[in-house]
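The chain contents come next:
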Amino acid sequence: MLTLSSLRTRWAALLGSFVAVLLGVGVMTAMGLGLAASLDPPARAPERFGSSPVVVAGLDRLTVEVRRGPGTAEVSQKLARPHPVDRELLAELRKLGPVTTGTGGGAGAADVDAVGVDASVAEVRAVVGERARVLTGDARRQVDPSYERDAEALVAVNSLLGTAGGVAVFVSVFVTASTFAFVVALRRREFGLLRMAGATPGQVRRMLLGEAVAVGLVASGAGCALGAWGAPWLVRVLVDGGVAPTWFAVPDAVMWPYHAAFWTGVSVALAGAWVAARRAGRIGPVEALRDASVDTGVLPLSRRVIGALLLVGGVGLLTWKLGTDPAELLKRKTYTTQPMLLITAVAALAPLLVRPVVRLVGAALPGAAGLLIRENAATSVRRTAAVAAPVLVTVALAGSLLGSAGTVAGAKGAEAAARTGADFVVTGEAGAGLREEAVRGAVGDGATVVGSASTAVYVVEEGTALVRSEARAVTDASALAAVSRLPVVAGDVRDLDDGSIVVNEEWERHEVGQSVRVWLGDGRPVRLRIAAVLAEGTGDNGAYVTAANAGGAVVDRVEVRVAPRGSGVEQAGVAAALEGALKGARSERAGWTVRTAEEWLAANRPGTKAHTRLGFLVVLGIALVYAGISLAGTLLMATSARGAELRSLRLAGATRGQVRVVVVGEALVAVVVGVLLGVAVTAVNLAGVAGALGMLSAPVGVAVPWEVLGVCVGACVAVGGVVAVAGVGAGRVR
């Protein structure tokens, strides 16, 4: 009865927590439905071999044996160039029934990657054995042109929705806990009266936890309905943004996302209220007699210890990774989760940081109103910290996530530009028949020309992991050294031959002259000598092999460097010759593209992927909505509890306008405190990323997302100012 009575009279104070849980559960439900669709996509008919009951495809995976504890295990990686179905096998398959390639070519054509066979599965398996893959049913889609693209898109959807859902839970707990803590601070006298009337600490705690359960149950139920309504809209955004495949849709009969979101919402409400309930239970009867507005004991020893441990843990983890594995800090998974530890630490210690920051900010405020704003904000630590916390979360997430992604993308782009010493780049589509000889014939002997093909090499590291490294197979190592500016730290690229390889510092074995066993792009095992070692950089400095070790890959890029001025070969002439060759042989060399190096870099410059940026914007949108909710709820509760204080100001001679200025000023000072703390967290995270780039010999340049930060700060300032004014009006201060 006490809980129900409290809910009826205190519903406004719990409104912020209710909306936070409702939105959190709504987001989690929508994200869960999206994850369900990506984990169990709808069955789709094969496109290429829809009429063939059995498909035979070349082997496309490399499988090797590695150590696993005291024994061994087989691990595999996808080959850069899958094996074709050989002619002998094709001849045997034709004896079983009609054979089609699904591409309009003859069944006996060379380098056929897959064929459809109109025969029984048992007969086909008996003939094929281990020489190829036998696919039936839905597995036939593995040879469709869209299969790999759709699989990559589903991985991107999983990553985006998982990150956004995790941040939604984090921010929801953060806002709910902050709101309940502030509610307890405002209700000290009420709890003191209850204790004076005979209520035990356990009864006070149970009352607060009962309120949290009621809020959690109702808000979670409404959140599930909101998520079911919003999931189709989320799917449309993912499809229109090019993140999800066009056929991606919300599943019809799946219940686990609703259960997961509902019970998570209830747990979030309880977790957010637990610490506040413990504090409320410790309030004694003497609190009912207190009437001072000065906050005391705002940072208990337990919170100091937790905050200090989180801060030391966050900074220590950052430092440890810088010293042991700086490349880890450049991974999206790391720079997405790393800020949360520091954000939680700074938020936990916020009451300790508020006063010095307020003094710093308030020093610039003029006049008596400025003095009053500064002293009120510094004295009411709980109120200022509660307003600053959601702003801190929003600014720190915006700066850290987008800033880290932009910094890494900028370093990758600068690294690509530094590696490129060519004046022109000719690229060809798959099957375009791009030949280095044709380009050399067009530009003459006065220019340096080198062709290369995209491939991969595989190596077992530490005996336990099969690692794939992207590689380029070049036709002329001396020409490569002349055309490119590779970040060589040891050896000489010109020593690359059919018996050697160029690796980077990330490899376990990376000393010049060492022999390393690798598997080529088609799965062939070879032992190669290390001819040169490149800087690790951002991870895009791959390996280099010769064309003999390309694993069957064909040239897809030719780089041209014009001789120095005065040698008789000028850039304009080379460009005209290349364009003329392209136009004169369009039917033979369809798919060729000639660009200057600047144009090619602009078209292929590494950057933040669309799904990554979209995911971060979704995360920031969630954080910004929560910040608005928390700001509005905290300011309304705080202003409603300050009626006597504000009336005292009026009695002392302040006009209603001056009272509004003081209240709005305090709100804006608290927002600025949150901004400064968020900027501090951002600075630490970006410093870690920049330090990692420097230690990896990669270009260092910090990208700060000023526009997004400006939007976040502007939105928080607007919400804080408007709600503060509305709170004064609702309080009827005359």
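The structure displayed is predicted, hence computed values, not measured ones.

**Q** Residue-level account of the overall build of the protein, with values.
**A** The number of helices and strands found in the protein is 20 helices and 16 strands. Burial analysis of the protein (734 residues in total) assigns 50% to the buried set. Sequence separation of at least 24 residues holds for 79% of the intrachain contacts in the protein that already meet a minimum separation of 6. Element-wise, carbon and sulfur atoms account for 59% of the exposed surface of the protein, whose accessible area totals about 32600 Å².

**Q** I'd love a proper account of the environment of Ala490, names of residues and values included.
**A** Topologically, Ala490 is positioned in strand E10 (residues 488-491). Exposure remark for Ala490: the relative accessible area of 29% places this residue in the partly exposed category. When neighbours within four sequence positions are excluded, Ala490 is seen to be in contact with Val512, Ala532 and Val533.

**Q** Talk me through the packing of aromatic side chains; I want residue IDs and the actual numbers.
**A** Enumeration according to the criterion identifies one aromatic pair in this entry. Ring geometry for Phe262 against Trp263: centres 4.9 Å apart, planes inclined by 90°, an arrangement best described as edge-to-face.

**Q** Which residues make up the sheet that holds strand E6 (residues 133-136), and what are the values?
**A** The strand order across the open sheet built from four strands is E4-E5-E1-E6, with neighbouring strands paired in antiparallel fashion. At either end of the open sheet lies a strand with only one pairing partner, and these are strand E4 (99-100) and E6. Sheet topology places strand E1 (residues 54-57) next to E6; four bridges connect them, and they run antiparallel. Note that in E6 the partner of Val54 across the bridge is Thr136.

**Q** Give me the pattern of salt bridges: which residues, what numbers.
**A** Counting across every chain of the model gives 15 salt bridges. In this structure, Lys78 and Glu148 form a salt bridge, with 3.3 Å as the shortest nitrogen-oxygen distance. Taken as a pair, Lys78 in strand E3 (residues 71-78) and Glu148 in helix H4 (residues 147-186) lie far apart in primary sequence, 70 residues in all. Under the relative-accessibility criterion, Glu148 is labelled partly exposed at 33%. Residue Glu559 pairs with Arg557 through a salt bridge whose shortest N-O separation is 3.6 Å. Take Arg557: its relative accessible area is 18%, and that puts it in the buried class.

**Q** Explain the pairing of strand E7 (residues 424-428) residue by residue, including any values.
**A** Two faces, one strand: in a regular strand the side chains alternate between the faces of the sheet. E7 sits mainly inside the fold: five of its five residues count as buried. The pairing of E7 with strand E15 (residues 557-562) spans four bridges and is classified as antiparallel. Paired with Val425 across the bridge in E15 is Glu559. Looking at chain direction, E7 and strand E16 (residues 592-596) are connected through five bridges and run antiparallel. Bridge pairing links Thr427 to Thr593 in E16.

**Q** Describe helix H16 (residues 597-604), listing the residues and the values that go with them.
**A** Among the residues of H16, Ala597, Trp600 and Leu601 are the ones counted as buried. Buried residues of H16, seen end-on, are gathered within an arc of 100° and therefore sit on one face of the element. Facing away from the buried surface of H16 by more than 90 degrees, the exposed residues are Glu598, Ala602 and Ala603. Residues of H16 that are buried make contact with helix H12 (381-419), E7, E15 and E16.

**Q** Before we move on, could you go through the environment of Gly221 and cite the residues and values that matter?
**A** Residue position: Gly221 is located in helix H6 (residues 201-240). Of the residues examined, Gly221 reaches a relative accessible area of 32% and is grouped as partly exposed. Measuring from C-alpha to C-alpha, the distance between Gly221 and Phe262 comes to 6.6 Å, with 41 residues separating the pair along the chain.

**Q** Now, about helix H9 (residues 332-348): what can you tell me, with residues and values included?
**A** The end-to-end C-alpha distance of H9, which contains 17 residues, comes to 26 Å, matching closely the 24 Å that a straight helix rising 1.5 Å per residue would cover. Judged by how many residues are buried, H9 sits mostly within the fold: 12 of 17 residues are covered. Burial in H9 covers these residues: Thr334, Tyr335, Thr336, Gln338, Pro339, Met340, Leu342, Ile343, Ala345, Val346, Ala347 and Ala348.

**Q** How would you explain the confidence of the model for the protein if you had to name every residue and give the values?
**A** For the protein, the mean per-residue pLDDT works out to 79, and 81% of the residues sit at or above 70. The low-confidence segment residues 565-569, where pLDDT is below 50, has six contacts with residues more than four positions distant or belonging to other chains. Overall, residues 584-589 carries pLDDT values under 50, and its contacts beyond four positions in sequence, including any with other chains, amount to five contacts.

**Q** So what's going on with the nonpolar core? Which residues, and what values?
**A** Of all hydrophobic cores here, the largest spans 99 residues; its most connected members are Leu161, Val171, Leu238, Phe248, Ile343 and Leu397. Of the residues forming this core, the biggest block, 17 residues, is contributed by H12. Among the nonpolar cores identified, the runner-up in size contains 18 residues, and Val459, Val503, Ile530 and Val545 belong to it.

**Q** Explain the state of the cysteines residue by residue, including any values.
**A** Counting across every chain of the model gives zero disulfides. The cysteine Cys716 is free of any disulfide, with Cys712 supplying the nearest cysteine sulfur at 6.8 Å. Relative accessible area serves as the criterion here: at 2%, Cys716 is assigned to the buried category.

**Q** Could you give an account of the environment of Val439, naming the residues involved and the relevant values?
**A** Among the structural elements, Val439 can be located in helix H13 (residues 436-443). For Val439, a relative accessible area of 1% translates into the label buried. Between the alpha carbons of Val439 and Val560 there is a distance of 8.5 Å; along the sequence they are 121 residues apart.

**Q** Report on unusual backbone geometry, specifying residues and quantitative values.
**A** Even without being a glycine, Glu462 presents a positive backbone phi close to 60°. Mapped onto the secondary structure, Glu462 falls in the loop between strand E8 (447-461) and strand E9 (465-474). Owing to a relative accessible area of 56%, Glu462 belongs among the exposed residues under this scheme.

The rules behind these values
- Residues numbered from 1 in each chain as written.
- Predicted model: local features only at pLDDT ≥ 70, side-chain atom pairs only at ≥ 80, totals over all residues.
- Heavy atoms only, no water.
- Helix = DSSP H or I, 4+ residues; strand = E, 2+ residues; numbered from the N terminus.
- Buried < 20%, exposed > 50% of the residue type's maximum accessible area, 1.4 Å probe, protein only.
- Contact = heavy atoms within 4.5 Å.
- Areas by Shrake-Rupley, 256 points an atom, 1.4 Å probe, with all protein chains shown as cover.
- Phe/Tyr/Trp six-rings, centres within 6.5 Å; stacked < 30°, edge-to-face > 60°.
- Pairing = 2+ DSSP bridges.
- Salt bridge = Lys/Arg side-chain N within 4 Å of Asp/Glu carboxyl O.
- Arc of directions from axis to C-beta.
- Expected span 1.5 Å × (residues − 1).
- pLDDT = per-residue confidence, 0-100.
- Core = buried A, V, L, I, M, F, W, Y, C linked by side-chain atoms within 4.5 Å.
- Disulfide = S-S within 2.5 Å.

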